[in-house]
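Remarks on the overall topology
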Amino acid sequence: MSVAAVNKSEIVKNYQRSEKDTGSSEVQIALLTARIKHLTQHLGIHAKDKHSRRGLITLVNKRRKLLTYIKKVNPSKYLELLKRLELRK
């Protein structure tokens, strides 16, 4: 299950760089974070769902790689993104 279309468009609108931007790293990280939160809630209820757990691990790794890229290219944007998504303390 993925993020609902309405929620997805709202996330894209909040994190896009320009009006037509839908695939920048910031948007991708925000969408992955929403899916990760959804899957985490799902796994809290369905603890034995191993297939969803594997998907969650894949999403977390993909988000980590994108965050590493942003940290390398634009450190200030990286810190701002961490604050907005409340990923780290």
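Described below are features of the structure shown in this document. This one's a predicted model, so the numbers in the text were calculated from it and none came from an experiment. (Residues numbered from 1 in each chain as written. Predicted model: local features only at pLDDT ≥ 70, side-chain atom pairs only at ≥ 80, totals over all residues. Heavy atoms only, no water.)

1. Quick look at the environment of leucine 56
- Tracing the backbone shows leucine 56 in helix 3 (residues 50-73).
- Given the relative accessible area of 14%, leucine 56 is considered buried.
- Between the C-alpha atom of leucine 56 and that of arginine 35, which follows or precedes it by 21 residues, the distance is 8.4 Å.
- The residues contacting leucine 56, other than those within four sequence positions of it, are Ile36, Leu39, Thr40 and Leu43. (Helix = DSSP H or I, 4+ residues; strand = E, 2+ residues; numbered from the N terminus. Buried < 20%, exposed > 50% of the residue type's maximum accessible area, 1.4 Å probe, protein only. Contact = heavy atoms within 4.5 Å.)

2. Some words on the nonpolar core
- Ile11, Tyr15, Ile29, Leu67, Leu81 and Leu85 are the most contacted members of the largest nonpolar core, which has 22 residues in total.
- Elements supplying a minimum of two residues to this core: helix 1 (5-15), helix 2 (25-45), helix 3 and helix 4 (75-85).
- Among the elements that take part in this core, helix 2 stands out by supplying nine residues, more than any other.
- Residues in contact with isoleucine 29, not counting those within four places in the same chain, are Arg63, Leu66, Leu67, Ile70, Leu81 and Leu85. (Core = buried A, V, L, I, M, F, W, Y, C linked by side-chain atoms within 4.5 Å.)

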